[in-house]
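In case you want the letters, here they are:
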Amino acid sequence: MIKINETKRYNVKPLEVISDAFETAYTRYAEEQPVAPPDLAMPVFTSLSMVLLFVLFLLTAFEYKDEKHIWFILAGLCIILAGRSCYKYFIQNKQYKQAAGKPSVVKAKRDGFFSFFQDDEDLPETTTAANMLKMVSPIIGKQNDQVYNNALREMSEDLARINNPSLTMCKLLTPCGEIFKQSRRRLYFKDEGAYLVFFDTDWMNPLGEIVCDEDDVVSFGEYSKYPSDINKSGGKIRQDSIIVEIKDADNHIFFEFQNDSYAELKKALSSRKEKK
């Protein structure tokens with residue numbers, strides 16, 4: 001039985017999209033952080049060594065006053081090296097404390113990320129990927145937090161994949177139902193095992209989808225093997241284009257595929273239905 005319905009192929013659940021993007025970004029961020037606290041002994045002993053050298057250089061400067069500027073410079077370098085060692089330790093320790101495994105840090109970051117999308121009103125249970133992109137796009141790259149920016153990019157990429165799936169495209173040759181009233185509409189084709197789905201490529205305002213099972217497929221093959229009157233629109237069709245014909249008690253529908261879709265269609269459809 002052929003069903004012609006509105007499509008939900010471009011719908012998403014906002015809370016799930018936001019949560020998945022944050023988890024992915026935070027996990028990646030945490031993996032980049034130190035997995036153990038930095039070694040405290042290194043900056044301590046380095047600083048002590050530099051302090052001792054600093055004192056020795058000062059004493060030498062007072063002893064050899066004609067060359068004191070050289071010893072003062074060396075003493076200054078000791079202080080710089082000691083400060084650099086301490087600074088590096090504090091930075092690494094801060095990164096360690098921000099790593100995964102700190103529930104309070106994770107919760108604070110998570111709540112902060114969700115606040116971008118939840119003001120006074122709760123998010124709808126479902127919305128279109130296009131609507132979510134309108135919320136995400138203006139704030140990408142404008143955050144001071146690495147996790148937030150990565151999560152927003154993750155959301156944008158996921159939503160873009162939903163709107164532009166890597167599926168085979170075809171054209172509807174036969175107007176059908178109350179939704180598809182014109183031919184030549186571009187559709188995505190998806191084999192879902194139990195069903196074959198043809199849904200509108202216009203993700204901003206999709207008309208709907210056509211769903212059938214394999215029993216509804218009458219035939220498929222090159223256009224040259226079909227009568228020319230299946231092309232109701234009069235548009236040009238290449239002779240080697242692949243036609244898929246489906247039919248039930250109420251509908252008789254033809255689709256046009258590019259020739260390079262033949263292998264995919266042959267795998268999805270029964271070989272006994274191919275026009276030879």
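Please refer to the structure placed before this passage.
Trainee: Before we go on, may I ask you to explain helix α6 (residues 146-163) in this structure?
Mentor: Owing to its 3.6 residues per turn, the α-helix aligns residues three or four sequence positions apart on the same side. The terminal C-alpha atoms of α6, which comprises 18 residues, lie 26 Å apart, in line with the 26 Å expected from a rise of 1.5 Å per residue. Taken as a whole, α6 has its buried residues at Val147, Tyr148, Asn149, Ala151, Leu152, Glu154, Met155, Ser156, Leu159 and Asn163. Each element contacted by the buried residues of α6 is listed here: β2 (11-12), α1 (14-32), α4 (103-114), α5 (129-136) and β5 (186-191). The N-capping residue of α6, defined by a side-chain oxygen 2.8 Å from the backbone nitrogen of valine 147, is aspartate 145.

Trainee: Is there a simple way to think about the side chain of glutamate 256 in this case?
Mentor: Checked against the element boundaries, glutamate 256 lands in strand β10 (residues 252-257). Residues in contact with glutamate 256, not counting those within four places in the same chain, are Cys170, Lys171, Leu173, Arg184, Ile237, Ser241, Ile242 and Ile243.

Trainee: Got a minute to help me understand the packing of α4 against α6 in this structure?
Mentor: Helix packing geometry: the angle between the two helix axes and the distance between the axes. At a minimum axis separation of 11 Å, α4 and α6 run at an interaxial angle of 50°. Here α4 lies oblique to α6, going by the angle between them. Crossing hand, α4 versus α6: right-handed. Contacts between α4 and α6 involve Ala108, Lys109, Gly112 and Phe113 from the former and Val147, Tyr148, Ala151, Leu152 and Met155 from the latter. Looking at side-chain class alone, the contact of α4 with α6 contains 7 nonpolar, 1 polar and 1 charged residues.

Trainee: Just checking my understanding: could you explain the packing of α1 against α6 for this structure?
Mentor: The contact between α1 and α6 brings their axes to 8 Å, and the two run at 130°. With respect to each other, α1 and α6 are oriented oblique. Crossing of α1 over α6 shows right-handed handedness. Residues Val17, Ile18, Ala21, Phe22, Thr24, Ala25, Tyr26, Arg28, Tyr29 and Glu32 of α1 lie in contact with α6, whose contacting residues are Gln146, Val147, Asn150, Ala151, Glu154, Met155 and Leu159. Grouping the amino acids of the contact of α1 with α6 by side-chain chemistry returns 11 nonpolar, 3 polar and 3 charged.

Trainee: Help me out: how do you make sense of the pattern of salt bridges in this one?
Mentor: Once their charged atoms are close, side chains differing in charge can pair, the charge on each being opposite to the other. Summed over all chains, the structure comprises 14 salt bridges. Note that aspartate 145 and lysine 109 form a salt bridge whose closest N and O atoms lie 2.4 Å from each other. Of this pair, aspartate 145 sits in the loop between α5 and α6 while lysine 109 sits in helix α4, and the two are 36 residues apart along the sequence. When sorted by exposure, aspartate 145 lands in the same class as lysine 109, which is buried. Lysine 225 is paired through a salt bridge with glutamate 222; the nearest N and O atoms lie 3.8 Å apart. Judged by relative accessible area, glutamate 222 falls into the partly exposed class, the value being 29%. Put simply, Arg9, Lys190, Glu192 and Glu209 are held in one network by salt bridges that share partners.

Rules of the game
Residues numbered from 1 in each chain as written. Predicted model: local features only at pLDDT ≥ 70, side-chain atom pairs only at ≥ 80, totals over all residues. Heavy atoms only, no water. Helix = DSSP H or I, 4+ residues; strand = E, 2+ residues; numbered from the N terminus. Expected span 1.5 Å × (residues − 1). Buried < 20%, exposed > 50% of the residue type's maximum accessible area, 1.4 Å probe, protein only. Contact = heavy atoms within 4.5 Å. Polar contact = N/O pair within 3.5 Å; in protein donor to acceptor, adjacent residues only side chain to side chain. Axes fitted to C-alpha atoms, helices over the stretch in contact; angles between N-to-C directions. Parallel < 35°, antiparallel > 145°, perpendicular 65-115°, else oblique. Left-handed = near helix turned anticlockwise from the far one by under 90°. Nonpolar A, V, L, I, M, F, W, Y, C, P; charged D, E, K, R; others polar. Salt bridge = Lys/Arg side-chain N within 4 Å of Asp/Glu carboxyl O.

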